[in-house]
Amino acid sequence: MSTSQIVIEAQNLFKEFSGIIAVNEVSLNVSKGEIFSLVGPDGAGKSTFIRLLCTILAPDSGSARVLGFDIRKEPEEIRRLVGYMPQKFSLYEDLTVEENLNFYAHIFSIPLEEAQKREDEVLKFSRLAPFRNKRAGTLSGGMKQKLALSCTLMHSPSILFLDEPTTGVDPISRREFWQLLFDLKAKGTTIFLATPYLEEAERSNRVAFMHTGRIIACNTPEKFKTSFKEKIIRLKSDHLLEAKEALLKVWPDLKIINYGSELRIISGDVSERKRKISKILMKNAIPLAELEITDPDLNDVFIQILQEKNYGNN
Amino acid sequence: MEIIEIQNLTKKFADLTAVNIASLSIPEGVIFGLLGPNGSGKTTAIRILCGILPPTSGKALVMGLDSFYQAERIRGFVGYTSQFCSLYEDLTVEENLEFYAQIYGVESKAKREEILSRYELSRFRNRRIRELPPGKKQWVALACAVMHEPRILFLDEPTSGMDPASRKDFWEELSILKQKCTILITTHLLDEAERCQMIAFMHLGRVLAVGTPREIKAVPQGKVFNVILPDPVSFLSELSVSPFVQDAYLFGNILRVIVQDQEGAAKLIAMTRDRDARIQETNFSLEDCYVRLVHLEGNAT
């Protein structure tokens, strides 16, 4: 990673809106060809941070370079070289797939002949070619997202900024969309995305957790998981809360999260603990459906970091 | 008799068959997750079960009663939150709660207050729904749907737009509600599906698979490996032309490879030699199972 080229370099970026701090002294670097995710709750400042880097908004203080250009002094250069797909991408629903692409070619002043060629490439890439004459409004959610991405790709950007690209998209379309992102990465495109879903962040090369305008942790998904000192015991039972109560009676300080129809027990010595849990439940005549040791997922990591840093979890 | 029973249920809109479920039963007291692409029939199925839509043919029984033709007798026992926000956007949080309290005949004001404070909505009580962030709206919708203590709760994509911390709180609340009620929930997130007791995958109106997450993951034949190596992209293109590889895709810094059998595994391990690779056998994820089912379905039709 040390020899790689830095394409996004932010230093102490700061932005407030009438007294409310949206981005609070954020510094980070992203290398060429990386897929980088910014994860955090609503209002954490993710979208604002992306807009600062795309030069849609100007910072109050701090600086950033995108592809070597200064976001304050050289916004035009940056805009030519980056693609931005906002959360609510404006597709013309009553225009066809092809007409939408033409429109974006026009916005980016791509000469007609080149635009034709580029359109074919982009449609082939996104596998939307069979739908080129369909109206955008009639496409499924997953296909609309692919079309939005295609529009963003018309001017062949070197960096793509994606704001919540697959929110509300089903798992199969999500995987197809990510296949496209990995294909772009293989060609050297850098991808910077914001998402509230850790499931999505996990597919990136690096993840930064953002909270109340700050980046509170940044690492690869694997290192985040190995840095989690404890393990998880998953417990499923039809009598979930009774099970929780029985365990807390024995270990009042045990970290237990009831999550839908399972308990997630966070603990160090898990194999010993697991054995004792079976015993306790048996003694209390609580039937057990599943009990297994598992690695933490990014949700567990994120929630623990929030608690450690005293942000609470509400 | 289970709390929900579906037999040969179809729903057609003009030429389109939105729902075509041969049979599905949901036992009382579970959290049941329904997964599928938009347009796969999840929302239509829920609307039939809620008594909002009549089926074209077949039966949907809720607590032993016909969900549409005996809807009057079921209504008081059912709570529903729609994917498209079932709230009045121009009314405040409190006014919405009052409205639903009237519909469901919940007279106690204390009950409303209790729910406002339990869902941390008290300080939003005078805010109009349209001014709330999407995550909060879902909490209001849940509050409106559970005030009358239903026995069955239908939640259509309730966590869409919610951040990780409030999703955790939401699922924590579901595990409490589940003590007194059966929950049918739709989601696009497979980590949420893992936390249901039972799940079903829907595709083109049909149910492709149903069972506990563990049962569903035990179905596919094959071996799954996580491979971490310096240049995953070029290795992936080699794998994609290797006949023993069933599926291979990038997941962050990890290359996931699915092979048929032990022989395929040996070939994969041989290919990773001299590549500075770390290779580890792992299990099928729900996503793997889902993708595979849909592909099988695609090949069959």
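Residues numbered from 1 in each chain as written. Chains lettered and ligands numbered in written order. Predicted model: local features only at pLDDT ≥ 70, side-chain atom pairs only at ≥ 80, totals over all residues. Heavy atoms only, no water.

Residue and element names in this part refer to chain A. What the rule picks out here adds up to 17 aromatic pairs over all chains. Seen from their ring centres, Phe 49 and Phe 192 are 6.0 Å apart, and the 40° between their planes marks the pair as tilted. Here Phe 192 lies in strand E8 (residues 190-195) and Phe 49 lies in helix H1 (residues 46-53), a separation of 143 residues in the sequence. Assigned by exposure class, Phe 49 and Phe 192 land together as buried. (Phe/Tyr/Trp six-rings, centres within 6.5 Å; stacked < 30°, edge-to-face > 60°. Helix = DSSP H or I, 4+ residues; strand = E, 2+ residues; numbered from the N terminus. Buried < 20%, exposed > 50% of the residue type's maximum accessible area, 1.4 Å probe, protein only.)

This next bit is on helix H6 (residues 171-186) of chain A. Residues and elements named next belong to chain A. Taking 1.5 Å per residue, 16 residues should reach 22 Å; H6 reaches 22 Å between its end C-alpha atoms and fits that length. Of all 16 residues in H6, twelve are buried, a share of seventy percent or more. Residues Pro 171, Ile 172, Ser 173, Arg 174, Arg 175, Phe 177, Trp 178, Leu 180, Leu 181, Phe 182, Leu 184 and Lys 185 constitute the buried set of H6. Regarding H6, its N-cap is Asp 170, as a side-chain oxygen of that residue lies 3.0 Å from the backbone nitrogen of Ile 172 further along. Positive phi appears at Gly 188, one or two residues downstream of H6, with a value of about 100°. (Expected span 1.5 Å × (residues − 1). Polar contact = N/O pair within 3.5 Å; in protein donor to acceptor, adjacent residues only side chain to side chain.)

Let's shift gears to the domain arrangement of chain B. Split by domain assignment, chain B resolves into domain 1 (2-217) and domain 2 (223-283). The distance between the C-alpha centroids of domain 1 of chain B and domain 2 of chain B comes to 40 Å. (Domains from an automatic or database assignment.)

Here we come to the sheet that holds strand E4 (residues 61-66) of chain A. Paired through backbone hydrogen bonds, the strands of a sheet run either parallel or antiparallel to each other. All names here are of chain A. What the four strands build is an open sheet, ordered E2-E1-E4-E5; its pairing is antiparallel. Both outer strands of the open sheet, strand E2 (20-31) and strand E5 (69-70), are each paired with one neighbouring strand and no more. Summarising the sheet, strand E1 (residues 6-17) and E2 pair through eight bridges and their orientation is antiparallel. Bridged to Ala 10 within E2 is Leu 28. This element, H1, spans E1, E2 and E4 of the sheet and lies at about 120° to E1. (Pairing = 2+ DSSP bridges. Contact = heavy atoms within 4.5 Å. Axes fitted to C-alpha atoms, helices over the stretch in contact; angles between N-to-C directions.)

The next thing to look at is the packing of helix H3 (residues 97-107) of chain A against helix H5 (residues 141-153) of chain A. Residue and element names in this part refer to chain A. In contact at an axis separation of 8 Å, H3 and H5 are set at 30° when each is read in the N-to-C sense. If you check the angle between H3 and H5, you find them roughly parallel. Where H3 crosses over H5, the two elements pack in a sense that is right-handed. For the pair H3 and H5, contact is made by Val 97, Asn 100, Leu 101 and Tyr 104 and by Leu 147, Ser 150 and Cys 151, respectively. For the contact of H3 with H5, a count of residues per class yields five nonpolar, two polar and no charged. (Parallel < 35°, antiparallel > 145°, perpendicular 65-115°, else oblique. Left-handed = near helix turned anticlockwise from the far one by under 90°. Nonpolar A, V, L, I, M, F, W, Y, C, P; charged D, E, K, R; others polar.)

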